Amino acid sequence: MSAATGASTSRLGSIVGAANVWDDPASLAPYAIDGILPNSVVRPGSAAEAAEIVKFAAVERLALVPVGARTKVSMGAPPRKYNLALDLSRLNRIVAYDPGDLTLSVEAGAILADVATALGAHGQFLPLAVPFHRAATIGGTLASGIDSPLRQFYGTARDFVLGMDFITGDGTIAKSGARVVKNVTGYDLHKLMLGSFGTLGVMTQIHFRTFPAPRGLRAFVASFESSAQAWQMRHAVGDSPLRPLTLDILSPGVFELFGSAAASQWAPESYEAQTLSPGRWSLTAGFAGGEKILDRYAAELTRLAEHAAASETAILPEDRVAGAFGRKREFIPIALDVSPATVIMKLSALPSRMNGLLETAGNLFAAEGVAWAAIARGAGVAYLALLPKEASVQAGETFSRLTAQIIDATAAAEGNATIPWCPSAWKKGIRIWGADRAEFEQMKKLKAFFDPGGVMSPGRFVGGI
Amino acid sequence: MDSRLIHELQKLLGSNAVLHKPEDLVLYEYDGSVEVARPNCVVFPKSTAEVVGIVRLANRFETPIVGRGAGTGLSGGALARKGGILVVFSKMNRILEIDAANQRARVQPGVVNSDLSAAVASLGLHFAPDPSSQKACTIGGNVSENSGGPHTLAYGVTANHVLALKAVLPSGEIVSLGSSALDPVGYDLTGLFVGSEGTFALITEITVKLTRLPEVVKTLLAIYDAVDDATETVAEITGRGITPAACEMLDGWTLRAVEEYVHAGFPTDSAAVLLIEVDGLRETAEAAAAEVADVCHQHRAREVRVARDAAERDLLWKGRKNAFGAIGRVSTTYYVQDGVIPRTKLPATLRRIAEIGRKNGFEIGNIFHAADGNLHPIILFDARDELQFRRAVATADEIIAFCIEMGGSITGEHGVGMEKDRLMPLLFTEADLRVMRGVRDIFNPHGLLNPAKIFPSGKGCGEIHVNPLPVTTATLA
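Only a predicted model underlies this, so the values are computations on that prediction, with no experimental measurement involved. (Residues numbered from 1 in each chain as written. Chains lettered and ligands numbered in written order. Predicted model: local features only at pLDDT ≥ 70, side-chain atom pairs only at ≥ 80, totals over all residues.)

Participant: Got a sec to walk through the pairing of strand β8 (residues 161–168) of chain A? Specific residues and values, please.
Facilitator: Residues and elements named next belong to chain A. Within β8, eight of the eight residues are buried, which leaves it mostly tucked inside the rest of the structure. Taken together, the seven bridges between β8 and strand β10 (residues 201–209) define a ladder with antiparallel strand orientation. Bridge pairing links Asp165 to Gln205 in β10. As judged from the five bridges shared by β8 and strand β9 (residues 173–177), these two strands associate in the antiparallel manner. By the bridge assignment, Asp165 is partnered in β9 with Lys175. Once β8 ends, the chain turns through four residues before running back antiparallel as β9, passing Gly171 with a positive phi of about 90 degrees. (Buried ≥ 20, exposed ≤ 12 C-beta atoms within 10 Å, placed from the backbone. Helix = DSSP H or I, 4+ residues; strand = E, 2+ residues; numbered from the N terminus. Pairing = 2+ DSSP bridges.)

See the structure below:
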């Protein structure tokens, strides 16, 4: 330990107590980001303590990365500098939950699954069926901007986060929004924090709108020869009065992924392999309600599938929905486990352009002999998992080229493409944040304002922010 | 105002696109609020390029600029508080693109809210945010104020439906924010700009999501002899897991005023009515309507009527959406408040509002988005009596302070503007406001754009500002 680190440890210890500052190698190891270790891990017990730490870091020019359960720290670019891991897992309280008001205030370090349990007791839920669901925290879920199959009906966190307490990069405790379901008082600064990878500040408490949990869940699955047919059905659903809770298109590669041992680990709910058909594209739709509503969905979806030349259709009964849904939710961690060098690309485009993009990607991968699987939200977002056989430098070059081609094709289709996950060793050669955008200039101004010392997760986000 | 600036504006836009005579300007000193402020000139750009030209001139002459749509706002957001150039977007009112397959539209800011919905209705689509002023208000104004409306609990506010913006910063720079594709990379600048009340940029193009029209809409009118029965009904509806598309409440005083004017069929001897709408698939809407009716009866509704067709439904909604017009017949001047409370605090809050009214000698009507907890108390006063106006404002402030005490907020959908700037410290700390001001200064560093809005001035928050005589009769909420 250097003298500087020693002084810093003692100052941090005076803020949070010595027991909550770790700097021994064994404790630091789990906080590595792309192989980079922090000098210390510090675990505040309150927002005020967290603010003191940020203030200290700003004065001392110590780079700080807020973390929760660390399930998604390998997303994004590695930090340019990483002195402190600000572990928020002790900030895990449900501060207020008023089921009658449909509002919830929860600290950033709370585990999503624990929150789900508390809400479930009142027949409510947060529509955040995100990957790493059992361990992920609220803060990490929001900071990573990860989406959920439920966005088809409920939208993303942007649509149901009502407000937030946060700490800016100079240690100021501030807030925006309020714990009411409707409010336009002041600027919606909390929207900036969503998906910002901890580069603007530290979220400490989040106000959510909660929703009644759907009852009587069913899932519809249809198999298709081609991606085009599956998208044809997706468009037909979009033109219909149906409002399914989820609507996803799965590539043929998903069949194997969902049958893997990794899948049972991430989504332990019982799952039957024949849910999907091998070698086929699938469209899945979740819906809920009373008997008449379920019958209507089943009949209409089956009719639309037949019209799009589905080779098979099925309605999953309630006891099989959880297994299929769990795997859809955990697509990313499953894919990360099945290859030594998984690359996850996220594409977004208008729904009408998605099939073309998936076909372009599929052709590129076929030409290189690359195994892959994709899950696409009907709303126009797709996650592509490229599954290299090895993590070699040469493979890295191939994937750098492939991802660049897809980024360019997506930009040409007026969409957005990024590479949220890839092996650390490949990150230098890969455009993790996709094509440049003119609005980065405005983002840099925001970053400079919120984090004047440049201490918040430096280098992790777009344009080196 | 500098006559050279007028001349330059005329050169840029044509002389018929610039108003500067006092008799013309007087029309632009109001919006739907009780605030008044006169601009020095009013201009009507036809393109983003012209907006850039206006902004450059404003910079050269160091003159404030304020954007304005239809001027239906209820917080003075589109008033030129410090004078200067009022930029009215009524000539930028084209729908630039409709993409039915992807449920998107790209519009200019001056497009009237209901015109967009009308333009896409034949495609089975609509623009979901529907403020009560939707027949007049513009989408640019909706974006600036993050407008709500009766259908927000189920469909969300404007921010939930805006994907991308083109805007002119006060520096004259054109910026494109967001993308028509979902999840644009980087910070959510679109989300930040929506609801920034015209203090960041002049918005010149908006890409919105369109929403499919529901297969079936069921509209119910539940009539009550006691206000508490109505509020308990609202609590139980969501308690049962039903999210109504809309759930509006009018108290006895308000419904009588409305009935006299609109003849929507509200019984004038009742204490409150709930206007509840459920929609979706036929099966979904029918099941929800049956359950809602059941809840209403359980909570002692005297009668529950279900609109049998679109005409009956429109009549019921006419009663709600024209409520403020109806009140305008009773009193030419009134002050509509826009508080928010957690919904479960409705009964207590209504009782407190009545007390506050009695104490200050005002009759206060109540109309509100019940499921959102978004209240619109209406305070009638005589504008010729300045003392009474001051008392009306103080009464409104007392109601807002109580909303905050209940865990609520100072504005649910009307915005802060120049109406509630002094109330911001009730909700936000000095540090919160410093951060918000700092964000404004990033985009609007010299305060050229929409100055003296949102943030309390140096006067101290206890002081009540008094304006010249206001007249408000608009049909807004």
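Participant: Break down the nonpolar core for me, with residues and values.
Facilitator: Counting 307 residues, the largest nonpolar core has A:Leu86, B:Val87 and B:Val273 as its most contacted members. The biggest single contributor to this core is helix α3 (residues 47–60) of chain A, with eight residues. Excluding anything up to four places from it in sequence, B:Val273 contacts B:Leu221, B:Ala222, B:Ile223, B:Tyr224, B:Leu250, B:Leu255 and B:Phe266. (Core = buried A, V, L, I, M, F, W, Y, C linked by C-beta atoms within 7 Å. Contact = placed C-beta atoms within 7 Å.)

Participant: A description of the domain arrangement of chain B should follow, citing residues and the corresponding values.
Facilitator: Here the domain parsing of chain B yields domain 1 (3–88), domain 2 (95–212) and domain 3 (216–310). The distance between the C-alpha centroids of domain 1 of chain B and domain 3 of chain B comes to 43 Å. (Domains from an automatic or database assignment.)

Participant: Got a sec to walk through unusual backbone geometry? Specific residues and values, please.
Facilitator: All names here are of chain B. Even without being glycine, His263 reaches a positive phi, approximately 55 degrees. On the secondary structure map, His263 appears in the loop between α9 (252–262) and β14 (272–280). Look at His263 and you get exposed, because 11 C-beta atoms sit within 10 Å.

Participant: Can you lay out the sheet that holds strand β3 (residues 65–68) of chain B for me, pointing to particular residues and giving the numbers?
Facilitator: All names here are of chain B. The strand order β1-β2-β4-β3 describes an open sheet built from four strands, whose pairing is mixed. With partners counted over all chains shown, the strands left at the sheet margins are β1 (18–19) and β3, one partner each. Of the strand pairs in this sheet, β3 and strand β4 (residues 85–88) are connected by four bridges, and their pairing is parallel. From the neighbouring strand, Arg68 faces β4, where its bridge partner is Val88. With respect to the sheet, helix α3 (residues 48–60) is in contact with β2 (41–43), β3 and β4, its orientation differing from that of β4 by roughly 170 degrees. (Axes fitted to C-alpha atoms, helices over the stretch in contact; angles between N-to-C directions.)

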